Amino acid sequence: MGQNGFGLTGARKLEEAAQGSLTMAYDSEETFPEIREAVRKLCARFPGAYWRALDRDRAYPTEFVRALTEAGFLSVLIPEEYGGSGLGLAAAVAVLEEIHRSGCNGAACHAQMYTMGTVLRHGTPAQKEAYLPKVATGELRLQAFGVTEPDAGTDTTRISTFARKDGDKYVVNGRKLWISRAEHSDLMVLLCRTTPRDQARKPSDGMSVLLVDMKQAVGNGLTITPVRTMLNHATTELLFEDLEVPAENLVGEEGKGFKYILDGMNAERILIASECIGDARFFIDRASQYAKDRVVFGRPIGENQGIQFPLARAYVQMTSASLMVDKAAALFEAGQPCGTEANMAKLVASEASWFAADMALQTHGGFGFAEEYDIERKFRETRLYQVAPISTNLILSHVATHVLGQPKSF
Ligand SMILES: Cc1cc2nc3c(=O)[nH]c(=O)nc-3n(C[C@H](O)[C@H](O)[C@H](O)COP(=O)(O)OP(=O)(O)OC[C@H]3O[C@@H](n4cnc5c(N)ncnc54)[C@H](O)[C@@H]3O)c2cc1C
């Protein structure tokens, strides 16, 4: 037990206090206040203790995902005609930001919101009818997205998982890595080569998107192996050995899959940026509360500018990054090109959340390392977003070449 009643048992008290101040600190101009309030209420049922227990076992937050599904929060992007609420990306931004601000983690299910976009934008009417209403109710989980491969890395045109057409089916062979939620998904959007790279007109041609029925596939050509990581993320490695996928599960045109996947990536980057904003707010809320309560040398540590300034800087960075996220979401909703803005939003938001994480850890001193305070867990969770779904260097390279006209370096 430290001074001032601080200690491991004090963490719960601080969690409640931070959530109390969180409610008061809400900006009245924030978007979707009713949605935010409802998400906050739902998240309050899943406090730090819930996430810590899962984290220890690297277990999936089934109850949390069920609650979000039943409340309709995961189907906000699905048009009403298919049973969703047909709201725009800004509503999804509000949902994920609140989840993360509450100390929860939307990564277990955020892809249920946007992966369906590939089917919505490029699927046949029959595919949309067959899948989207069930994705909207949660009867079907479409939250696995298989792109990355061990030998291709960020250079997606080098993927080698191959789908060979054989009559009315494709036969898939290859390997994918870091495919999250594969064990908790009924369907997966899978990117494969259907023409070898050296025979395609250009490297980004000759890739196709298949919808894989995961229950049918496992044990019949698909092997899923969980990969334990520094955070609880349900990520896996996939091995395809002559997996048969019906040809009717091809989404859009054969050979055009890369373009379809890129379309979906803008939504993904903006939504993950909103999770980073939520994480940054979480760290700022917690560190603020702690700085007011923790007394050392006879005064609250928050009285010291050495504590105040990083806290204030984290707030400034988070607020500016949040404006970039809003801008990217508005462009996306208006159907405007937003690749650069989505990338920039993801970059600044992931850096803001990481700065806030480091600040919160430092502000908490030794207690920041104790599981009970949830800082170390969120610290590990938010670090991911400078690497996935796209790493910072690749965003900088995009801005340098596409916006600033610099020569391409690769
Ligand atoms: C927990 C987790 C979950 C994930 N979930 C999914 C998922 O569900 N589906 C999926 O498809 N993928 C997923 N990924 C993969 C993720 O998108 C990739 O890890 C990420 O895009 C980076 O690719 P890589 O790991 O192959 O890095 P590499 O491409 O090997 O790059 C390694 C480092 O080198 C840098 N680098 C590479 N080339 C250049 C260059 N030309 N200039 C400057 N720097 C360069 C990169 O920025 C990076 O920092 C996940 C990853 C993780 C860790």
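Report on the accompanying structure. (Residues numbered from 1 in each chain as written. Predicted model: local features only at pLDDT ≥ 70, side-chain atom pairs only at ≥ 80, totals over all residues. Heavy atoms only, no water.)

Along its length, the protein carries 14 helices and ten strands. For 410 residues, the compact-globule formula gives about 22 Å, and the C-alpha radius of gyration of the protein, at 22 Å, lands near that figure. By principal-axis analysis of the C-alpha atoms, the protein measures approximately 80 × 45 × 40 Å. By the burial criterion, 55% of the 410 residues in the protein qualify as buried. A separation of at least 24 residues holds for 74% of the contacts in the protein among residues at least 6 apart in sequence. (Helix = DSSP H or I, 4+ residues; strand = E, 2+ residues; numbered from the N terminus. Rg over C-alpha atoms; globule rule 2.2 N^0.38 Å. Buried < 20%, exposed > 50% of the residue type's maximum accessible area, 1.4 Å probe, protein only. Contact = heavy atoms within 4.5 Å.)

So, about the site of the ligand. Near the ligand there are 19 residues, and of these F145, T148, T154, W178 and S391 occur at the shortest range. In the model, an oxygen atom of the ligand is placed 2.4 Å from a nitrogen or oxygen of the T154 side chain. In this structure, P389 approaches the ligand through a main-chain N or O atom, which is 3.3 Å from an oxygen atom. Protein burial of the ligand: of its 970 Å² of free accessible surface, 67% is covered by the chains. Those elements that provide at least two residues to the shell around the ligand are β3 (169-180) and α14 (392-403). If one sorts the elements of the shell around the ligand by residue count, β3 sits on top with three residues. Its residues assigned to classes, the shell around the ligand comprises ten nonpolar, eight polar and one charged. (Near = heavy atom within 4 Å. Polar contact = N/O pair within 3.5 Å; in protein donor to acceptor, adjacent residues only side chain to side chain. Areas by Shrake-Rupley, 256 points an atom, 1.4 Å probe, with all protein chains shown as cover. Nonpolar A, V, L, I, M, F, W, Y, C, P; charged D, E, K, R; others polar.)

In this structure, F64, I99, M113 and I270 are the most contacted members of the largest nonpolar core, which totals 96 residues. In terms of residue count, the dominant contributor to this core is helix α10 (residues 257-293) (18 residues). Of all hydrophobic cores here, the second largest spans 21 residues; its members include L190, C192, L210 and L243. (Core = buried A, V, L, I, M, F, W, Y, C linked by side-chain atoms within 4.5 Å.)

This part covers the packing of α10 against helix α13 (residues 375-383). One can describe the packing of α10 onto α13 by two numbers: an axis separation of 11 Å at closest approach and a directional angle of 155°. By the criterion of interaxial angle, the relationship of α10 to α13 is roughly antiparallel. For the pair α10 and α13, the sense of crossing is left-handed. Judged by residue contacts, D279, F282, F283 and R286 of α10 engage I375, K378, F379 and T382 from α13. (Axes fitted to C-alpha atoms, helices over the stretch in contact; angles between N-to-C directions. Parallel < 35°, antiparallel > 145°, perpendicular 65-115°, else oblique. Left-handed = near helix turned anticlockwise from the far one by under 90°.)

Turning to the packing of helix α5 (residues 89-101) against α10, a few remarks are in order. One way to put it is that α5 packs onto α10 with a least axis distance of 7 Å and a crossing angle of 35°. Read as a crossing pair, α5 and α10 show a hand that is right-handed. Here α5 contributes L89, A92, V93, L96, E97, H100 and R101 to the contact with α10, which in turn contributes A267, I270, L271, S274, E275, I277, G278, D279, R281, F282 and D285. Class assignment for the residues of the contact of α5 with α10 results in nine nonpolar, three polar and six charged.

As a further point, take the pairing of strand β1 (residues 142-146). Among the five residues of β1, five are classified as buried, and the element is accordingly described as predominantly covered. Of the pairings in the sheet, the one linking β1 to strand β4 (residues 187-193) comprises four bridges and is parallel in character. Residue A144 lies in a different strand from β4, and its bridge partner there is M188. (Pairing = 2+ DSSP bridges.)

Let's shift gears to the side chain of E341. For E341, the position within the fold is in helix α12 (residues 339-364). With residues up to four places along the chain from it excluded, the contact list for E341 reads M324, K327, A328 and L331.

As a further point, take the environment of Q112. Structurally, the position occupied by Q112 is in helix α6 (residues 110-114). Accessibility expressed as a relative area gives 4% for Q112, which makes it buried. Considered as a pair, Q112 and S75 are 37 residues apart in the sequence and their alpha carbons are 7.7 Å apart. Discounting chain neighbours no more than four positions away, the residues touching Q112 are L74, V135, G138, L140, R141, L142 and Q143. From its side chain, Q112 meets the backbone oxygen of V135 in a polar contact 3.2 Å long.

Turning next to the pattern of salt bridges. Within the structure shown, the criterion is met by 25 salt bridges. A salt bridge links D55 to R58, with the shortest nitrogen-to-oxygen separation between them at 3.7 Å. On the basis of relative accessible area, D55 is assigned to the buried category, the value being 9%. Its relative accessible area of 24% is what places R58 among the partly exposed residues. A salt bridge links K378 to D279; the shortest N-O distance between them is 2.9 Å. Of this pair, K378 sits in helix α13 while D279 sits in helix α10, placing them 99 residues apart in sequence. Taking the relative accessible area as the measure of exposure, K378 reaches 0% and is therefore buried. Three or more residues joined by partner-sharing salt bridges are found here, namely E30, R36, E37, R40, E97, E98 and R281. (Salt bridge = Lys/Arg side-chain N within 4 Å of Asp/Glu carboxyl O.)

Evaluated as defined, the whole model comprises eight aromatic pairs. Note on Y290 and Y373: the rings are 6.3 Å apart at their centroids and 85° apart in plane angle, and the pair reads as edge-to-face. Taken as a pair, Y290 in helix α10 and Y373 in the loop between α12 and α13 lie far apart in primary sequence, 83 residues in all. On the accessibility criterion, Y373 (3% relative accessible area) is buried. An aromatic cluster is defined as three or more aromatic residues linked by ring pairs; in this entry it consists of F46, Y50, W51 and F64. Its end group placed over the ring of F410, K408 keeps NZ or CZ at 6.0 Å from the ring centre. (Phe/Tyr/Trp six-rings, centres within 6.5 Å; stacked < 30°, edge-to-face > 60°. Lys NZ or Arg CZ within 6 Å of the ring centre and 35° of its normal.)

Purely geometric numbers; function is a separate question.
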